[in-house]
Amino acid sequence: MFSALPAIEVRDVVKSFGDARALDGVSVRIKENEFFTLLGPSGCGKTTLLRLIAGFDYPTSGEICLHGKDIAGMPPFARPVNTVFQNYALFPHMTVAQNIGFGLEMQGKPRSEIAARVDQMLALVRMETLRSRRTSQLSGGQQQRVALARALAPQPRVLLLDEPLSALDYKLRKEMQGELKRLQTETGITFIFVTHDQEEALTMSDRIAVMSGGRILQVGNPRDIYDNPQERFVADFIGEVNFLAGQVIGIDGRTARVRLAAGGEVVAGLPEGATPVGRATVIVRPEHAELRGPTEQADLRGRLEQVVYFGTDTHLHVRLADQSEFVLRQQNSPRGTADLQPGAEVAIAFKPGAARVLKD
Amino acid sequence: MARPHSVRHQRGFTFIALMCFFLLYLPMATMVVFAFNAGSTVGQLDGFSLRWFRTALANDQIIEALLRSLTIAPIAAFFATVAATMAALATTRTAPYRGMALKVAFINQPLMVPEIVTAVALLVVFSRVKVWTGYTGLGYIIAAHTAFCIPFAFLPIRARLETMDLSLETAAADLYARPWSVFRRITLPLLWPGILAGFMLAFVVSLDDVVITEFIKSAGQETLPTYMLGQLRRNVTPEMNAISTLFLAVSVIVVSLFFLLSRKKT
Amino acid sequence: MSQAQEIAEEMARRSVRTRWWLSAPALAVVFLFAIAPLAVIVLYSFMAKGDYGDVKYWQFSLDGWFSVFFERGLFDDSIGIAQAHVSILWRSVKLALITTVVTLLIGFPTAYFIAIRPPSQRDFWLFLITIPFWTNLLIRTFAIQEVFRNEGVLNTVLMWSGLIREPLKIMFTDLGIFLGMAYVYLPLMVLPIYASLEKFDFRFAEAASDLYANNRNVLWRIIIPMTRPAIIAGCILVFIPALGAYVTPRLLGGGKNLMLGNLIELQFGQGRNWPLGAALSLTLTGVVMLALLVYVRAASKEGRSHG
């Protein structure tokens with residue numbers, strides 16, 4: 001089933017609570033069959049946006065369209081959109097099967113159809129043996145599966161997931177990430193997933209919208225968001241990053257030549273549609289830089305201050321000429337990096353395309 | 001879109017609730033208005049006057065009954081509060097021991113038996129005791145009031161104790177405080193709001209009691225509520241509006257105090 | 001057994017002993033002035049009635065219990081149903097049940113209304129419910145009497161507006177007793193239900209709404225089942241005093257429309273039949289205990305299912 005219309009289109013949505021603006025002019029198009037993630041720190045407006053799409057709250061202004069139809073005024077029970085809640089909100093007075101069948105029952109589906117669909121859902125989330133349990137007798141992971149099955153049972157056009165994995169411990173969370181991805185592929189339903197966990201967002205999503213202060217800062221696929229962050233917040237929130245202050249001294253197509261405050265010049269990629277002049281910030285991911293000997297050709301020079309061992313890799317903290325710190329990450333090999341001693345003079349070389357200029 | 005949908009909204013509930021408040025206050029408002037009525041006809045307003053308050057307060061029977069009520073209530077409330085505090089200390093913050101649940105059920109018994117039953121049971125016992133001992137004083141009423149006030153005092157004290165952290169007392173004991181000092185310096189000050197609430201509850205419950213007092217009082221031992229019951233059975237005078245209004249004022253003050261007290265606590 | 005273990009056990013024993021001493025005064029007072037008299041009543045119900053009230057001591061008789069439901073013919077020994085008693089018993093149960101249902105129908109929406117106010121306004125509405133709760137029952141009964149009487153506010157307004165020509169007779173009818181009881185016991189219904197609704201997590205309602213339940217379905221399928229223990233508690237709190245009501249039927253029912261409470265009083269007063277009065281009291285207590293048992297059963301079932 002292919003439709004040219006986006007599954008969800010949000011247009012210029014503002015949501016105010018009293019004087020506070022939880023959403024400050026948000027626009028986004030979410031495609032059919034997409035695993036779309038809203039990523040941001042708490043209070044960024046991601047949950048508010050999700051609640052507006054679900055219908056629990058109403059936008060102060062703006063439009064929310066589902067397959068081209070404005071649904072902003074519709075109550076939640078009239079929207080073909082279901083939610084998996086952060087605390088699951090499983091009904092404590094009902095069994096697992098009753099919980100899963102609730103939506104279908106409310107839609108007035110015949111009993112036989114409900115029973116069949118509940119069985120199907122139980123199989124989908126691998127909970128066949130627990131169908132007549134009370135939800136309070138389930139473990140966190142099992143509750144999570146029931147919540148998913150309950151939301152998927154009425155076959156919604158769009159499934160909303162509000163930090164559904166945050167209550168689970170690390171191992172279970174990893175397992176459920178795979179499970180969620182599998183369910184999305186199997187059902188073909190559009191998933192809108194809210195999280196503050198960048199790793200979760202990067203591993204699961206087709207596309208990510210990074211939010212902060214009630215706005216969407218950048219939308220893109222995980223690679224794009226990670227490799228080409230356009231704003232300081234996005235770069236900083238996702239992964240680790242080094243910020244280098246500098247001065248633009250020339251532009252050549254999609255790249256700029258920047259003189260760095262820490263000394264030296266680099267060629268850095270430009271964000272889309274930006275032609276900066278004067279001061280600029282260049283970013284380099286720690287793993288996109290390599291350590292060189294003091295005499296070798298390099299982009300930056302400094303003094304090694306700290307060596308922190310992390311198991312899979314080692315973080316090297318280098319103090320640059322302008323007193324700023326630069327961190328680079330080296331993958332560990334069985335040989336180790338025993339020869340690195342704090343205090344040594346070192347040089348840093350960027351991998352091709354590693355340096356990028358930020359929009360601000 | 002007229003009004004955004006809210007899952008909390010239930011059609012008709014606001015109307016029923018506002019109607020409920022209206023009907024709850026209409027009779028009491030009527031009573032208060034007629035308390036200040038200048039005329040002596042019960043159903044007719046004839047301008048503002050304090051005359052019924054004056055006549056009520058000049059009525060020796062009323063004053064006597066009021067003073068008797070005000071003697072019984074604080075004594076009964078005091079004994080009930082002391083007993084309830086001790087019992088609450090004995091039944092909270094411990095692993096359940098044998099008989100504890102029974103103890104609590106025992107103390108709450110007066111709440112579970114209809115008042116009229118307790119009243120006739122006490123009537124039967126006290127009438128016999130009165131004959132045997134010849135004593136017919138207020139002691140019977142005070143004893144009975146103490147008994148049925150205990151569960152009321154017990155409730156808030158126990159609730160307060162259950163929210164109190166036992167580690168504070170342990171800490172005090174660790175700092176060389178002896179058990180009595182721990183109680184006096186740590187437990188009692190923390191428990192005080194609960195005790196005060198318990199006392200107020202017991203006081204009001206004693207002051208309001210009609211049924212039990214009506215059955216066990218000796219001749220000439222009218223309390224204000226039993227006096228009023230007697231009056232209401234016969235004929236309703238505007239004086240009754242005045243006394244009732246005063247009673248209502250006392251309730252408003254007590255409830256306000258309660259709300260202030262519970263606010264400060266949180 | 002190690003010494004440390006012995007000391008710990010001795011401490012625990014001592015603590016339990018202290019706890020018994022601490023609770024002794026309360027237990028003693030309640031025993032002497034509430035529980036023992038009830039036991040005496042049980043004894044009295046099995047004794048023969050005295051000629052001028054009281055009982056004939058240690059003269060065993062089942063007459064008291066017998067006359068709760070039956071009566072002997074005046075001239076022969078034929079046994080018939082005690083119509084008067086049965087009808088009063090029935091009236092008490094009927095009025096108490098109607099009162100419970102009506103207070104629930106009004107009380108639940110009222111409690112709900114208060115619970116969904118913004119937190120800053122809740123105290124005000126709660127205050128309005130608490131005032132009547134704390135006001136003397138006698139005074140509230142008197143207040144409603146003022147409204148109902150033939151020349152009272154209700155009739156004055158209705159006659160003035162031309163809706164009726166003759167005053168409505170509410171006083172001294174079953175309707176009057178029921179309306180009066182509903183009025184005085186309403187706060188007992190609202191308060192426990194409010195306490196439960198205030199804690200209700202409306203995310204469950206949102207979840208149901210998300211699953212295509214309209215607001216009525218949210219109410220019936222989610223909110224009411226999840227606050228059921230409080231609803232039962234409210235019903236019990238109203239039903240028990242309503243069943244044993246004495247003051248309200250006394251003032252609003254006049255001398256004719258008796259309830260169980262008044263019938264019991266009658267036996268200890270003009271009736272001079274203490275064994276019957278004792279038996280009636282115990283019947284009333286029995287019904288109340290039955291209601292409490294239902295409540296405990298329902299509450300514990302709820303507790304089990306919620307884990």
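Look up: the structure comes first, before these words.
Residues numbered from 1 in each chain as written. Chains lettered and ligands numbered in written order. Predicted model: local features only at pLDDT ≥ 70, side-chain atom pairs only at ≥ 80, totals over all residues. Heavy atoms only, no water.

Draft legend 1. Quick look at the sheet that holds strand 9 (residues 207–212) of chain A. Residues and elements named next belong to chain A. Pairing is mixed across the open sheet formed by six strands, whose spatial order is 6-7-8-3-9-10. Among the strands making up the open sheet, the edge pair consists of strand 6 (81–84) and strand 10 (215–220). Pairwise comparison of adjacent strand axes, ignoring direction, gives a mean angle of 20° for this sheet. Its contacts with the sheet put helix 5 (residues 170–187) on strand 3 (35–39), strand 7 (158–162) and strand 8 (190–195), and the angle it makes with strand 8 is roughly 160°. (Pairing = 2+ DSSP bridges. Helix = DSSP H or I, 4+ residues; strand = E, 2+ residues; numbered from the N terminus. Axes fitted to C-alpha atoms, helices over the stretch in contact; angles between N-to-C directions. Contact = heavy atoms within 4.5 Å.)

Draft legend 2. Geometry of helix 4 (residues 100–107) of chain B. Residue and element names in this part refer to chain B. The complete set of buried residues in helix 4 reads Met100, Lys103, Val104 and Ile107. Down the axis, helix 4 shows its buried residues gathered within 95° of arc, on one side only. Those residues of helix 4 that are exposed and angled more than 90 degrees off the buried face are Ala101 and Leu102. (Buried < 20%, exposed > 50% of the residue type's maximum accessible area, 1.4 Å probe, protein only. Arc of directions from axis to C-beta.)

Draft legend 3. Summary view of the nonpolar core. Phe91(A), Phe102(A), Ile192(A), Met228(B), Phe108(C), Ile222(C) and Ile223(C) are the most contacted members of the largest nonpolar core, which has 205 residues in total. Here this core takes 14 residues from helix 7 (residues 174–199) of chain C, the largest share from any one element. When residues no more than four places from it in sequence are discounted, the contact partners of Ile222(C) are Phe91(A), His93(A), Met94(A), Phe102(A), Phe200(C), Phe204(C), Ala208(C) and Asn217(C). One finds Tyr88(A), Val146(A), Ala151(A) and Phe193(A) within the second-largest nonpolar core, a separate group that totals 35 residues. (Core = buried A, V, L, I, M, F, W, Y, C linked by side-chain atoms within 4.5 Å.)

Draft legend 4. The packing of aromatic side chains, seen in detail. In this structure the tally under the stated criterion is 34 aromatic pairs over all chains. Ring geometry for Phe326(A) versus Phe350(A): centroids 6.0 Å apart, planes at 20°, classification stacked. Of this pair, Phe326(A) sits in strand 18 (residues 325–331) while Phe350(A) is found in strand 19 (residues 345–350), placing the two residues 24 residues apart along the sequence. Owing to a relative accessible area of 0%, Phe326(A) belongs among the buried residues under this scheme. Residue classification places Phe350(A) among the buried residues on the basis of a relative accessible area of 13%. Ring centres of Phe200(C) and Phe202(C) lie 5.1 Å apart, and the angle between their planes is 85°; this geometry places the pair in the edge-to-face category. (Phe/Tyr/Trp six-rings, centres within 6.5 Å; stacked < 30°, edge-to-face > 60°.)

Draft legend 5. Region of interest: the side chain of Asn155(C). Residue and element names in this part refer to chain C. Structurally, Asn155 is set in helix 6 (residues 153–160). For Asn155, a relative accessible area of 0% puts it in the buried group. Polar contacts involving the side chain of Asn155 include one to the main-chain carbonyl oxygen of Arg149, which spans 3.3 Å. The residues contacting Asn155, other than those within four sequence positions of it, are Val147, Phe148, Arg149, Asn150, Ile164, Pro167 and Leu168. (Polar contact = N/O pair within 3.5 Å; in protein donor to acceptor, adjacent residues only side chain to side chain.)

Draft legend 6. Inspection of the interface of chain B and chain C at higher detail. Tallying the contact residues gives 86 residues for chain B and 79 residues for chain C. Summed over both sides, the interface of chain B with chain C buries roughly 7600 Å², with 77% coming from carbon and sulfur. Between chain B and chain C we count zero salt bridges in total. At the junction of chain B and chain C, the tally comes to 16 residue pairs in polar contact (both at pLDDT 80 or more). With 14 residues, the single largest contributor to the side of chain B that touches chain C is helix 1 (residues 13–35) of chain B. A class-by-class count of the residues in the side of chain B that touches chain C yields 57 nonpolar, 19 polar and 10 charged. (Buried area = accessible area lost by both parts, 1.4 Å probe. Salt bridge = Lys/Arg side-chain N within 4 Å of Asp/Glu carboxyl O. Nonpolar A, V, L, I, M, F, W, Y, C, P; charged D, E, K, R; others polar.)

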